[in-house]
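Working through the structure, step by step
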Amino acid sequence: MKSKLYAIICGTLMCMFTSCSDYLNVVPDNIPTIEQVFNTREGAYKMLHTCYDYVPRPANIMQNPALLCGDEVWNPTFMDNNFYYYRNKSTEFIAKGRQDKTTPLLNYWDGGDYSYLSQVFGDQQEKSYIKSLFAGIRNCNILIDNIDLVPDMKLEEKAQWKAECQVLKAYYHYYLLQMYGPIPFMGENLDVSLPPEEVQREREPVDDVVRQIVEVLDEAISSEALPLTVVGRQNDLGRINLPVAKAIKAKVLVLAASPIFNGNTQFRNFKNFADQPFINPEYSVEKWKKAAEACKDAITAAHNADMGFYTLDPKTVGLNVSDKTVLELSLRGQITENTDNPELVWGIGRQDVNRLIYYASSPLNAKHISERPLGFNNLHGATMNMTDQFYSNNGIPIEEDYTYQYSDRFKLISVPEDYQFYFTSEEGIKVPYYNTHREPRFYAYVGFDQGKYYCQEKPNEEDSYVIHSKAMDFAGAKNTMYCVTGYTCKKLIPWKRQFVVNVIDNIGDVLYFFPIIRMSDLYLMCAEALNESKEAPDSEVYEYIQPVRTKAGLDKETMNLVDTWAKYSTSPQKPKTKEGMRDIIRQERMVELAFEGQRYWDLRRWMLAGSYFNRPIRGWNAQGVTENDYYIETYIYDRKFATKDYFWPIRQKSLDSNHKLQQNMGW
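Residues numbered from 1 in each chain as written. Predicted model: local features only at pLDDT ≥ 70, side-chain atom pairs only at ≥ 80, totals over all residues. Heavy atoms only, no water.

**Thoughts on the overall build of the protein chain**
- If you tally the helices and strands in the protein chain, you get 23 helices and 16 strands.
- Sequence-distant contacts in the protein chain: of pairs separated by 6 or more residues, those separated by 24 or more amount to 72%.
- Summed over its atoms, the accessible surface of the protein chain is roughly 25200 Å², and 47% of this surface lies on carbon and sulfur atoms. (Helix = DSSP H or I, 4+ residues; strand = E, 2+ residues; numbered from the N terminus. Contact = heavy atoms within 4.5 Å. Areas by Shrake-Rupley, 256 points an atom, 1.4 Å probe, with all protein chains shown as cover.)

Structure below.
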């Protein structure tokens with residue numbers, strides 16, 4: 001029997017190839033050959049699962065850099081390294097500027113690093129293991145090369161699994177590209193018996209990597225082997241289908257067209273050994289045109305698969321609520337609705353959503369505190385850096401809406417009559433103007449002191465729970481696990497979540513698949529690509545951004561954003577210029593996709609991370625007891641971001657093992 005093994009050799013991955021069990025984790029003991037793995041459908045199916053197992057877990061706060069490494073969310077433990085209940089030594093350290101090249105955090109190049117998260121329930125620790133995406137690519141190549149060996153499979157099924165792994169292979173290259181910039185493209189596996197100089201690979205120019213990623217995706221798409229929809233949404237949701245493949249292609253081409261890789265002169269001196277720039281310093285509008293076509297194609301495929309925007313039908317869940325509550329639950333449900341969510345293009349990670357829900361649970365304060373178990377917490381707090389992005393009630397940036405009292409936004413006022421729906425009915429309270437006169441997504445996505453928090457436990461919207469988060473309140477800083485910013489990520493919590501029974505083992509019925517790509521993302525990418533590919537925005541650009549705003553309850557009076565800006569903005573012509581529309585689309589993405597792990601990558605690809613991430617993390621004064629003490633804009637942490645942080649460092653040991661590799665600039 002042939003026993004030839006295949007391997008990608010890149011950097012220190014070479015040291016992994018000492019035995020089959022080091023890198024082919026589906027092979028049972030004493031069965032060391034690939035041929036035996038693909039001797040049955042069952043063995044091949046295990047290999048398929050192994051290929052999927054490398055997808056970075058989007059809802060895992062220790063493994064997804066986009067959840068905590070930016071400025072959207074902050075955690076009180078980030079200022080206390082000895083915090084007993086929660087120790088995050090990966091994304092927290094990156095957010096605080098502690099990334100390094102000796103032992104890089106979230107090392108998806110080599111894999112193998114561990115992070116630990118102490119759990120509040122029980123004196124135990126959760127171990128988080130980062131897997132090398134190059135190893136994932138290798139396993140995809142193994143299945144692609146050997147699936148035809150399986151005797152007990154239909155040809156159609158073989159073709160589908162092969163196409164799925166081609167898309168996964170492309171996605172892993174894409175993920176590495178957005179983290180590291182130029183990477184070696186691993187189109188095929190290499191014989192492990194080759195001498196090192198023949199298997200060591202160089203990093204390739206970004207344009208070449210993108211071209212090869214797209215070629216792999218196009219081959220999978222044109223094979224017609226990918227289904228339009230998954231057969232069993234309960235068991236197979238997360239499997240690659242045609243809309244997912246086309247959506248990933250759209251993401252790849254939008255990244256390639258973005259400022260970080262399209263005409264970026266800041267990295268013009270970042271060159272390979274042949275003195276060629278890794279990143280093309282020449283701008284090309286053609287990249288945006290290709291991205292726009294890919295986005296439109298992905299949206300069409302999604303529509304053909306009956307994907308679209310999510311709207312709650314209150315009658316189907318037995319609710320008798322107002323239109324305002326229906327809108328709020330629809331906006332929350334586009335993320336947290338379980339398997340029957342047309343908004344979800346691709347998502348995974350229910351087991352990680354379990355943990356995310358727990359740490360983002362609302363700090364509710366019922367009148368009967370005895371009903372509230374210890375587990376009420378919200379360590380996952382939205383920053384004021386993020387809440388600034390939400391529009392005014394007119395759908396305009398708050399600093400740009402001439403009807404919004406921006407200069408007095410932190411002034412304490414009585415709750416205006418038009419906004420009493422969102423606040424406690426308690427008499428005599430004062431709230432900051434900043435929390436009033438805001439768009440519907442502000443009230444659907446974030447929770448705040450004195451604000452209502454609708455959930456299934458109290459289906460009467462007039463009797464909703466109310467958050468009390470001043471220092472001495474039940475949900476305040478007197479507790480160990482509290483919200484340091486004053487804003488909770490309500491968006492991440494299903495409205496069906498039971499709060500009285502706040503035990504992590506009892507929330508499985510509300511777990512959802514965390515989105516990697518959803519419909520709003522595709523629409524807004526399409527609007528962005530079209531705007532960048534034209535001399536000036538036109539009806540086609542508006543066609544793709546307007547549905548996202550409309551479903552969010554914006555532009556109800558004017559029916560379109562152009563007229564909204566004309567009526568309420570201090571810059572009424574803004575939507576009619578390319579630069580102005582660029583700003584509008586970017587802010588729309590930051591609001592619509594808040595807390596989903598998109599803002600972090602967007603700001604990087606726009607080359608704006610240096611601007612946003614060098615601003616102090618802000619929130620209310622969590623130590624304040626009274627209204628006057630609590631509602632003070634407070635600088636929580638002085639965050640730093642350097643130019644070198646646009647790309648992850650490659651581990652020094654990898655460079656020492658492979659002299660064909662070059663370190664990223666600044667490291």
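**A word on the pattern of salt bridges**
- In the structure shown here, the tally under the stated rule is 42 salt bridges.
- Close ionic contact of E596 with R518 constitutes a salt bridge, the shortest N to O distance being 2.7 Å. Residue E596 is found in the loop between α19 (578-592) and α20 (599-605), and its partner R518 is found in strand β14 (residues 514-518); the two are separated by 78 residues along the sequence.
- Overall, E596 belongs to the buried group, its relative accessible area being 4%.
- The salt bridge involving D602 is made with R605; its shortest N-O contact spans 3.0 Å. Placement of both D602 and R605 in helix α20 is noted, with a separation of three residues, approximately one turn of the helix. With respect to class, D602 is no different from R605; both count as buried.
- In this structure, a network of salt bridges that share partners links the residues E343, E439, R441, K491, R518, R549, K551, D555, E588, E592 and E596. (Salt bridge = Lys/Arg side-chain N within 4 Å of Asp/Glu carboxyl O. Buried < 20%, exposed > 50% of the residue type's maximum accessible area, 1.4 Å probe, protein only.)

**Focus: the packing of aromatic side chains**
- According to the stated counting rule, one finds 40 aromatic pairs in the structure shown.
- Taking the centre distance of 5.2 Å and the plane angle of 35° together, the rings of W74 and Y637 count as tilted. In this pair, W74 is assigned in strand β2 (residues 73-74) and Y637 in strand β16 (residues 634-637), connecting sequence segments 563 residues apart.
- Relative to F442, the ring of F390 has its centre 5.8 Å away and its plane inclined at 80°; by these criteria the two rings are edge-to-face. (Phe/Tyr/Trp six-rings, centres within 6.5 Å; stacked < 30°, edge-to-face > 60°.)

**Focus on the pairing of strand β6 (residues 344-348)**
- Burial within β6 is extensive, with five of its five residues counted as buried.
- Bridge analysis of β6 against β14 gives four bridges, and the strand direction is antiparallel. Of the residues in β14, the one forming a bridge with W346 is I517. (Pairing = 2+ DSSP bridges.)

**Some remarks on the confidence of the model for the protein chain**
- Confidence in the prediction for the protein chain averages 87 pLDDT; 85% of positions are at 70 or higher.
- Scored below 50 in pLDDT, residues 116-124 shows 37 contacts in the model against residues more than four places distant or in partner chains. (pLDDT = per-residue confidence, 0-100.)

**A closer look at the packing of helix α5 (residues 133-146) against helix α6 (residues 155-180)**
- Closest axis-to-axis distance for the α5/α6 pair is 9 Å, and the angle between their directions is 160°. One way to sum up the angle between α5 and α6 is to call them roughly antiparallel. Here the hand of the crossing between α5 and α6 comes out left-handed. Counting all contacts with α5, which are made through L133, F134, G136, I137, C140, N141, L143 and I144, the residues of α6 involved are W161, K162, C165, Q166, L168, K169, Y172, H173, Y175 and L176.
- Class assignment of the residues belonging to the contact of α5 with α6 gives a composition of 12 nonpolar, four polar and two charged. (Axes fitted to C-alpha atoms, helices over the stretch in contact; angles between N-to-C directions. Parallel < 35°, antiparallel > 145°, perpendicular 65-115°, else oblique. Left-handed = near helix turned anticlockwise from the far one by under 90°. Nonpolar A, V, L, I, M, F, W, Y, C, P; charged D, E, K, R; others polar.)

**Considering the sheet that holds strand β10 (residues 447-448)**
- The strand order across the open sheet built from four strands is β2-β7-β13-β10, with neighbouring strands paired in antiparallel fashion. In this open sheet, the two strands that pair with only one neighbour each are β2 and β10.

**Details of the environment of F423**
- Within the element layout of this structure, F423 appears in the loop between β8 (412-413) and β9 (431-432).
- By relative accessible area, which is 0% here, F423 ends up buried.
- Taking the C-alpha atoms as reference points, F423 and Q450, separated by 27 residues in sequence, lie 5.7 Å from one another.

**A few points about the side chain of Q546**
- The topology assignment puts Q546 in helix α17 (residues 539-551).
- For Q546, a relative accessible area of 12% corresponds to the buried category.
- Here the side chain of Q546 touches D555 through a polar contact of 2.9 Å, side chain to side chain.
- Ignoring anything within four residues of it in the chain, the contact list for Q546 reads D555, M559, N560 and L561. (Polar contact = N/O pair within 3.5 Å; in protein donor to acceptor, adjacent residues only side chain to side chain.)

**Regarding helix α12 (residues 323-336)**
- Compared with an ideal rise of 1.5 Å per residue, which puts 14 residues at 20 Å, α12 spans 19 Å between its outermost C-alpha atoms and is within 8% of the ideal.
- Counting buried residues in α12 gives 11 out of 14 residues, a clear majority hidden from the surface.
- By the burial criterion, the buried members of α12 are T325, V326, E328, L329, S330, L331, R332, G333, Q334, I335 and T336.
- Those residues of α12 that are buried lie in contact with α15 (440-445), β11 (452-453), β14, α17 and α19. (Expected span 1.5 Å × (residues − 1).)

**Thoughts on the state of the cysteines**
- Tallied over the full model, the rule gives zero disulfides.
- Of the cysteine sulfurs around C165, a residue in no disulfide, the closest is that of C51, at 3.8 Å. (Disulfide = S-S within 2.5 Å.)

**Remarks on the environment of N658**
- Considering the arrangement of structural elements, one finds N658 in the segment after α23 (652-657).
- For the pair N658 and V199, spaced 459 residues apart in the sequence, the C-alpha separation amounts to 9.7 Å.

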